[in-house]
Amino acid sequence: MFVLQHGKSYLWLFPVYIGVFFGGFWLSSELTDTPSWGVLTLPTSFALLLSCEMGSGVALDSMGRASYPKGTWQYRATLVWHAIGIVLFSVFSFFFIR
């Protein structure tokens, strides 16, 4: 698991996520002839981010900095928001693939 360090910037994760997102569509179109399966990278990336935040005890703010330590209301709110994002992106993916 990827451990986040408090105070460190993880803004570099955004371009990596964009690459994985488009790479998922490309890989899906190559393997299944339907690129819509690439949308599954949305809930998967949120689940990975949530597991990293829970495991390290620090959450990322809106600018990609690990600034909310465990025990603060911002930490709990960020985890809830990412969990809601997993559910919403899963539903979106279901209807997009269907």
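This text follows the structure it describes.
Note that this is a predicted model, so its numbers are computed, not measured.

Description of the pairing of strand E2 (residues 66–69)
When strand E1 (residues 58–60) meets E2, the two strands line up antiparallel, connected through three bridges. Among the inter-strand pairings, Val58 is bridged to a residue of E2, identified as Pro69. In textbook terms, the turn of a hairpin is the stretch between consecutive antiparallel strands, and for E1 and E2 this stretch comprises five residues, one of which, Gly64, has a positive phi near 80 degrees.

A short note on the side chain of Glu53
Among the structural elements, Glu53 can be located in helix H2 (residues 41–56). Although Glu53 is buried, it makes no salt bridge; Lys70 carries the closest opposite charge, 12 Å away. Setting aside its immediate chain neighbours within four residues, Glu53 contacts Leu4, Val58, Ala59, Leu60, Tyr75, Thr78, Leu79 and His82.

What about the side chain of His82?
Inspection of the secondary structure assignment puts His82 in helix H3 (residues 73–97). Judged by its relative accessible area of 9%, His82 falls in the buried class. When near neighbours in sequence (up to four residues on either side) are disregarded, His82 contacts Phe46, Leu49, Leu50 and Glu53.

Reading guide: rules and limits
- Residues numbered from 1 in each chain as written.
- Predicted model: local features only at pLDDT ≥ 70, side-chain atom pairs only at ≥ 80, totals over all residues.
- Heavy atoms only, no water.
- Pairing = 2+ DSSP bridges.
- Helix = DSSP H or I, 4+ residues; strand = E, 2+ residues; numbered from the N terminus.
- Buried < 20%, exposed > 50% of the residue type's maximum accessible area, 1.4 Å probe, protein only.
- Lys, Arg positive; Asp, Glu negative; His and termini not counted.
- Salt bridge = Lys/Arg side-chain N within 4 Å of Asp/Glu carboxyl O.
- Contact = heavy atoms within 4.5 Å.

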